[in-house]
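# What the coordinates show
Single-letter residue listing:
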Amino acid sequence: MLDDILNAIPHGVMLLDASLLVRGINSRLQEMTGYSAGEACGIGAEFILRSSIGAGSSLAGKVLESGERVCRNGTLLNRRRISQWVQFTLSRVDSIDGETEDRPGLVLVVEKAERSEPGGGGRSSSTLVGHSPQMQDVFERMAILARTDASVLITGETGSGKDRIAEELHEASARAGRAFIKVNCGALPEALLESELFGHQRGAFTGAVKDHPGMFRLADHGTLFLTEIGDLSLSLQVKLLSVLDDSRFYPVGSSSSVTVDVRLIAATHRDLRREVAEERFREDLFFRLNVLHLRVPPLRDRAGDVRLLLDHFLRRSVRLNHSRVEGFDTEAIRRLVGYRWPGNVRELRNTVEYGVNMCRGTRIGCGDLPDYLFEPLKVRTDGASSAPRPDQPAPAPVTPATGWAELEQQRILNALQQAGGRRGRAAELLGMGRTTLWRKIKDYNLE
Amino acid sequence: MKLLIPTCGNHVAPRFDNATEVLIATCYDRQLLEEPRFILLANPSAEGLCDMILKEQVKCVVCCGIEEEHYRFLKWKKITVIDSVIGRWKPALDLAVGGELSAGDILRV
């Protein structure tokens, strides 16, 4: 019965006892490792899996002890000497045979994965992490898009990884090894952007003391990545469309045209269809860019990826900061997984980095996480049902606020209200010094 | 003949490229000539291990998991590779010295 259930799972599954010996292995993992159930049972799991995640027994021991699920990316080396990238997920179970109670063991799920980050256990080049069906779809589309030379439009919320995807597309394309030039269309004023993109001749305008080749020429035979293309002015949109159609343009102040061979990848967090409807973006350029469209899902829609990304960025941050942090505590994990991540992967990465730097022990707790992770929950639930931070008293009900400054003002007012107007007590409640509170009261004009 | 086994505790190391310790033994006429010596590696590296095998003039490597690339390299250098051996290094060494160890052997206790 148990074997039938295991074999019905489309990923590799292994059951381990408390001594980390194999007690069961499904047909998928038998195929991946090259070992039959008869051969594998009773053998130490690391000898069957031959994973690159190093001392697998110490990791498994920690999972057995803490009961906390762990995901790691690495390679599995099979009997046929073939190494493949996989994701290992280790979870503790109370009974490995489904019948006998108090016989704890581990369930190891092995899924095929894209090549992942260094530190996940081996060599790597890819920077994209995700195993949700939504991201698998993105990876599949990327494999197709990389084989073509057509323009690609990447859309998605801010921080969702559009830049990374553009780099990966370039690296996987026939243009890999050639230039990959990134230009942020929202970062420069129109006149400067035109010169930056198309170049200028010496003397074309005041300050043009020498020729500038422009990004299009620098990206010749390579890829030009225009990020925040939704912020491009209408006049530059016309010029860009002309370059895309003819592969030729006139640098600012020049009377001779330049021909380039550039693949264009554009990205924006804006809804370009709406921009077109509101006449802020040219329809013809939209259709020209929208040859191949890749939509990156927001993190809140990527089921299961938050946990994976937390582990990924934790390992990276621990390595970079030479920290001794080992993981998150249960409450912090619950909060982090439940958070909506409006800033997507970028916000998550920064949050983990904050936690690693603030943590004084070996496990990141709620107190080591930024306050804003807790604030939106209070606002959404009007402070009634949201769990307060364990190290701070429950706040009084607050009214919805939008910006950080408003939130802080609201917190100060609530604390003052709770403290009955006593500033010393309010400062204690807020976890700040009296002087800081006094300065903030002055700044926000709350006197 | 010199023989090398990447080890991990009492066992043959699960992976050739992740081993941090190796055993080198010299045998003649199916008998060990001396006690095997252990060498701790500064860091795990398949390439570093291959270099050491060539430098030490090892003729036979007994290991568990090894990537095809390194297996082929060692074979090309005319080194016998007995891979996918699972078990403790002592019986593996005894069997290898006696010429009775084969690739894929699982040496259960």
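Read on for a plain summary of the structure. Keep in mind that what you see is a predicted model, and the values were worked out from it rather than measured. Note that residues are indexed from 1 along each chain, following the sequence as it is written. Just so you know, chain letters begin at A and ligand numbers begin at 1, following the order they were written in. This being a predicted model, a pLDDT of at least 70 is required before a residue's local features are given, and a value of 80 or more before pairs of side-chain atoms are given or counted; all residues contribute to the totals for chains, interfaces and linings. Hydrogens and water molecules were not included; the side-chain quantities draw on all heavy atoms of the structure.

The next subject is helix α8 (residues 190–198) of chain A. By the burial criterion, the buried members of α8 of chain A are L193, S195, L197 and F198 of chain A. Put simply, DSSP marks the helices as runs of H or I at least four residues long and the strands as runs of E at least two long, and each gets a number from the N terminus on. Within two residues after α8 of chain A, G199 of chain A carries a phi angle of roughly 80 degrees, on the positive side. Only protein chains enter the accessibility calculation, which uses a 1.4 Å probe. A residue is then buried if its area is under 20% of the maximum for its type, exposed if over 50%, and partly exposed in between.

Moving on: the packing of helix α13 (residues 305–321) of chain A against helix α15 (residues 344–358) of chain A. Residues and elements named next belong to chain A. Fitted lines through C-alpha atoms serve as axes, helices being fitted only where they are in contact, and the angles separating the N-to-C directions of these axes extend from 0 to 180 degrees. Running from amino to carboxyl end, α13 crosses α15 at an angle of 50 degrees, the nearest separation of the two axes being 9 Å. Between α13 and α15, the crossing angle belongs to the class labelled oblique. Pair α13 / α15 crosses with right-handed handedness. Together, V306, L309, L310, F313, L314, R316, S317, V318 and N321 of α13 and V345, L348, R349, V352, E353, V356 and N357 of α15 make up the contact between the two elements. Throughout, the ten residues Ala, Val, Leu, Ile, Met, Phe, Trp, Tyr, Cys and Pro are labelled nonpolar, Asp, Glu, Lys and Arg are labelled charged, and all others, Gly among them, are labelled polar. Looking at the contact of α13 with α15 residue by residue, the classes come out as 10 nonpolar, 3 polar and 3 charged. Every angle not falling under 35 degrees, over 145, or within 65 to 115 is termed oblique; those three ranges are roughly parallel, roughly antiparallel and roughly perpendicular. We call a crossing left-handed when the near helix sits turned anticlockwise from the far one by less than a right angle, and right-handed when that turn is clockwise. Should any heavy atoms of two residues lie within 4.5 Å, those residues are considered in contact.

Put simply, an interface is often sized by how much accessible area is lost when its parts join up. With 17 residues of chain B in contact, the opposing surface of chain A contributes 21 residues. Taken together, the two surfaces of chain B and chain A that pack against each other cover about 1600 Å², and 52% of this comes from carbon and sulfur. In terms of surface lost to chain A, no three residues of chain B exceed R15, I86 and R108 of chain B, which account for 33% of the buried area on that side. Once two parts are put together, the accessible area they lose, assessed with a 1.4 Å probe and summed over both, is termed the buried area.

With that settled, consider the sheet that holds strand β7 (residues 180–184) of chain A. Residue and element names in this part refer to chain A. Strands are treated as partners if at least two bridges between them are detected by DSSP. An order of β7-β8-β11-β6-β12 is seen for the 5 strands of this open sheet, with the pairing classed as parallel. The open sheet has two free edges, formed respectively by β7 and β12 (292–295), since each of these has just one partner strand. On average, each strand axis in the sheet is tilted by 20 degrees relative to the strand beside it, whichever way the strands run. Note: strand β8 (residues 223–227) against strand β11 (residues 263–268), 5 bridges, orientation parallel. In the strand pairing of β11, L226 is matched with A266. Set on the sheet, helix α7 (residues 162–172) makes contact with β6 (152–155), β7, β8, β11 and β12; between it and β6 the angle comes to about 155 degrees.

All names here are of chain A. Within this document, salt bridges are pairs made up of a side-chain nitrogen of Lys or Arg and a carboxyl oxygen of Asp or Glu, the two lying within 4 Å of each other. With the rule as written, the count across this model stands at 34 salt bridges over all chains. Between R288 and D245 there is a salt bridge, with the nearest N and O atoms lying 3.0 Å from each other. With a gap of 43 residues between them, R288 in helix α12 (residues 283–289) and D245 in helix α10 (residues 234–246) connect regions that are remote in the sequence. Looking at R288, the relative accessible area reads 26%, which means it is partly exposed. One network of salt bridges, in which partners are shared, links E68, R307, D311, E326 and R363.

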